[in-house]
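Chain residues, written in single-letter form:
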Amino acid sequence: MRVDPEVQAALAAGQPVVALESTIIAHGLPRPDNLRVAREIEATVREHGAVPATIAILAGEVRIGLDEDALEALAYSGEVAKCGVRDLPAVLARGEDGATTVAATSHLADRAGIRVFATGGLGGVHRGAVETFDESADLGTLARTGICVVCAGVKSILDIRATLERLETLNVTVLGYRTDTFPAFYLASSGVPITWRVESPEEAASVLRARDEVGAPGGVVVANPLDEPMDAELHDRVLAEGLEAAAAEGISGRDVTPFLLERFHSQTEGESLRANVRLVLRNAALAAQIAAAL
Ligand code: PSU
Ligand code: MN
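Residues numbered from 1 in each chain as written. Chains lettered and ligands numbered in written order. Predicted model: local features only at pLDDT ≥ 70, side-chain atom pairs only at ≥ 80, totals over all residues.

### What to know about the nonpolar core
Then, in step 1: By size, the foremost hydrophobic cluster in this structure holds 90 residues, and its most contacted members are Val18, Val221, Val222 and Ala287.
Then, in step 2: Here this core gets ten residues from one element, more than from any other, and that element is helix 13 (residues 271-293).
Then, in step 3: For this core, the two domains that each supply at least three residues are domain 1 (1-114) and domain 2 (115-294).
Then, in step 4: Discounting residues that sit within four places of it in the chain, valine 18 has contacts with Val45, Ala50, Pro52, Ala53, Val116, Phe117, Ala118, Ala284, Ala287, Ala288 and Ala291. (Core = buried A, V, L, I, M, F, W, Y, C linked by C-beta atoms within 7 Å. Buried ≥ 20, exposed ≤ 12 C-beta atoms within 10 Å, placed from the backbone. Helix = DSSP H or I, 4+ residues; strand = E, 2+ residues; numbered from the N terminus. Domains from an automatic or database assignment. Contact = placed C-beta atoms within 7 Å.)

### Thoughts on the pairing of strand 9 (residues 173-177)
Then, in step 1: With four of five residues buried, strand 9 lies mostly within the body of the structure.
Then, in step 2: Where strand 9 meets strand 10 (residues 196-198), three bridges bridge the pair, whose relative direction is parallel. Bridged to leucine 175 within strand 10 is tryptophan 196. (Pairing = 2+ DSSP bridges.)

### Focus on unusual backbone geometry
Then, in step 1: Residue arginine 31 is joined to proline 32 through a cis peptide bond whose omega torsion reads 0°.
Then, in step 2: As for its position among the elements, proline 32 is in the loop between helix 2 (23-28) and helix 3 (33-47).
Then, in step 3: Its identity as a non-glycine residue notwithstanding, alanine 59 has a phi of 50°, on the positive side.
Then, in step 4: By the secondary structure assignment, alanine 59 is in the loop between strand 3 (51-58) and strand 4 (61-64).
Then, in step 5: Despite not being glycine, arginine 178 shows a phi value in the positive range, around 55°.
Then, in step 6: Mapped onto the elements of the fold, arginine 178 is located in the loop between strand 9 and strand 10.
Then, in step 7: Note on arginine 178: 12 C-beta atoms within 10 Å, which makes it exposed.

### Comments concerning the site of ligand 1
Then, in step 1: Close to ligand 1 lie 16 residues, the nearest being Gly28, Thr101, Val102, Gly123 and Ser136.
Then, in step 2: Those elements giving two or more residues to the shell around ligand 1 turn out to be helix 2, helix 6 (102-112) and helix 8 (137-142).
Then, in step 3: Of the residues forming the shell around ligand 1, the biggest block, four residues, is contributed by helix 2.
Then, in step 4: A per-class count over the shell around ligand 1 returns five nonpolar, eight polar and three charged.
Then, in step 5: Split by domain, the shell around ligand 1 shows at least three residues from each of two domains, domain 1 (1-114) and domain 2 (115-294). (Near = placed C-beta within 6 Å. Nonpolar A, V, L, I, M, F, W, Y, C, P; charged D, E, K, R; others polar.)

### Looking at the UniProt feature "binding site: substrate" (unreviewed entry) in the protein chain
Then, in step 1: According to UniProt, the positions carrying the feature "binding site: substrate" (unreviewed entry) are Lys82, Val102, Ser136, Ala137 and Asp138. A maximum C-alpha distance of 13.0 Å among these annotated residues, which run over 57 residues, shows that they cluster at one spot.
Then, in step 2: Residue class for lysine 82 comes out partly exposed when judged on the 17 C-beta atoms lying within 10 Å of it.
Then, in step 3: Non-local contacts of lysine 82, meaning those with residues more than four positions away in its chain, are made with Thr23, His27, Ala99 and Thr101.
Then, in step 4: By the secondary structure assignment, aspartate 138 is in helix 8.
Then, in step 5: Ignoring any residue separated from it by four or fewer positions in sequence, one finds aspartate 138 in contact with Thr101, Val102, Ala103, Leu122 and Gly123. (UniProt positions renumbered as here; feature names shortened; annotations may be inferred.)

### A short note on the UniProt feature "binding site: Mn(2+)" (unreviewed entry) in the protein chain
Then, in step 1: Those residues carrying the UniProt feature "binding site: Mn(2+)" (unreviewed entry) are Asp134 in this numbering.
Then, in step 2: Note on placement: aspartate 134 falls in the loop between helix 7 (129-132) and helix 8.
Then, in step 3: For aspartate 134, the residues in contact, after removing those within four places along its chain, are His126, Ala129 and Gly253.

### Details of the confidence of the model for the protein chain
Then, in step 1: Taken over all residues, the pLDDT of the protein chain has a mean of 96, while the share at 70 or more is 100%.
Then, in step 2: Mean pLDDT across the secondary structure elements of the protein chain bottoms out at helix 12 (residues 256-267), with 90, and peaks at strand 2 (residues 17-20), with 99.
Then, in step 3: For this predicted complex, the interface confidence reaches an ipTM of 0.96, while the overall pTM sits at 0.97. (pLDDT = per-residue confidence, 0-100.)

### Here's the deal with helix 11 (residues 232-248)
Because each turn of an α-helix spans 3.6 residues, side chains separated by three or four positions end up pointing in the same direction.
Then, in step 1: Between the first and last C-alpha of helix 11 there are 24 Å, a value that for 17 residues agrees with the 24 Å anticipated at 1.5 Å per step.
Then, in step 2: Of all the positions in helix 11, only His235, Val238 and Gly242 are classed as buried. For helix 11, the angular spread of the buried residues around the axis is 75°, confining them to a single face. Opposite the buried face of helix 11, at more than 90 degrees from it, the exposed residues are Glu233, Ala240, Glu244, Ala247 and Ala248.
Then, in step 3: The inward-facing, buried residues of helix 11 abut helix 12.
Then, in step 4: At the exit of helix 11 stands glycine 250, carrying a positive phi of roughly 70°. (Expected span 1.5 Å × (residues − 1). Arc of directions from axis to C-beta.)

Here it is as C-alpha cells:
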C-alpha cells in the first residue's frame, strides 16, 4: 500500500482526510469530463478543510492518494478494471490497474485509517434481484467496515426499498442529512422513510464516535439529498423508457446499469450529468466537514 506523503502526514497528525473512490472516474462519468470532475472533487475537499485521498490500484499497487499523473491515467486509459473487494487480490497479483468501487474503497480506506469517504451513489439491490440475486457487494462490505460514507442515496434504477431493508439487516446505520427520507441520487427523495436524521456535520461526527464506543460492526451512511434535483417528469420518463428498451433488447445482468446510465446521459441533454457532478461535489464538501468535526 503506497500512501501519498501528504495523506500520510495528515493521518499522522490527526488532521481530516476524506477518501474518494475511483470507479466514478474510470466508469461512472463520461470522458473527458471525468478528469475535470475528479480534480474538482479533490479541490472541494480541500476548500472544506480536509486532505483528499483518491483510492485506486495502479500497476499492482494499492494507492491511497493520487498525484496528477495517476488521476489522468485512471481517467483516460479506458482499460482499468472495475474492482470490488473480491477483485483486489487478482488485480494486485497480476500487476494491473483497478478502479475501486464503494466496497473496495471503503475496505482500503479503513485499512489506511481513514474514517470518512465521499461518493455519488451506493450500489444496492437491483430490480428483479429475487430471481437474479444481484445485490451490490457495497452492502455486505459496509456491514463490517466502520467507515462513514457520504452519498446521495442510490439511483432509482435500483430497488430502493429492498436496498434499505438489506442495510437494516446488515446493521448499517443510515442517517438522513437534513431529510427524513432516503434520497434517490438524481431525485432528492425516494419517498422511503429512514429512521435517523442529523442536522450538522458535528452531529454526524458524534454518531460515528458513538458507533466506535458501542462497538457496532458496520459503517455509517450519511444520505445527502441533491438540492437542485433533476426534473421528476423527465427522470421518470427516461427511466421507464430505458427499462422497456433494456427488456426489448434483451439486456440483462451486469449490463443493465451501464445501459440505463448511458440512456440518461444521452437522453437528458446533459441534465443527468449536471445533477451527477453537483451531488458528488456536495457530498465531498459535507464529507470534509464531517472529517474536520471528527
Ligand atoms: N452508483 C452510481 N454510480 C457508480 C456506482 C454506483 O450511481 O458509478 C459504482 C460505485 O463504485 C459502486 C459500484 O460501488 O458502482 C457498484 O457496482 P455493483 O453494483 O456492481 O456492486
Ligand atoms: Mn451486481
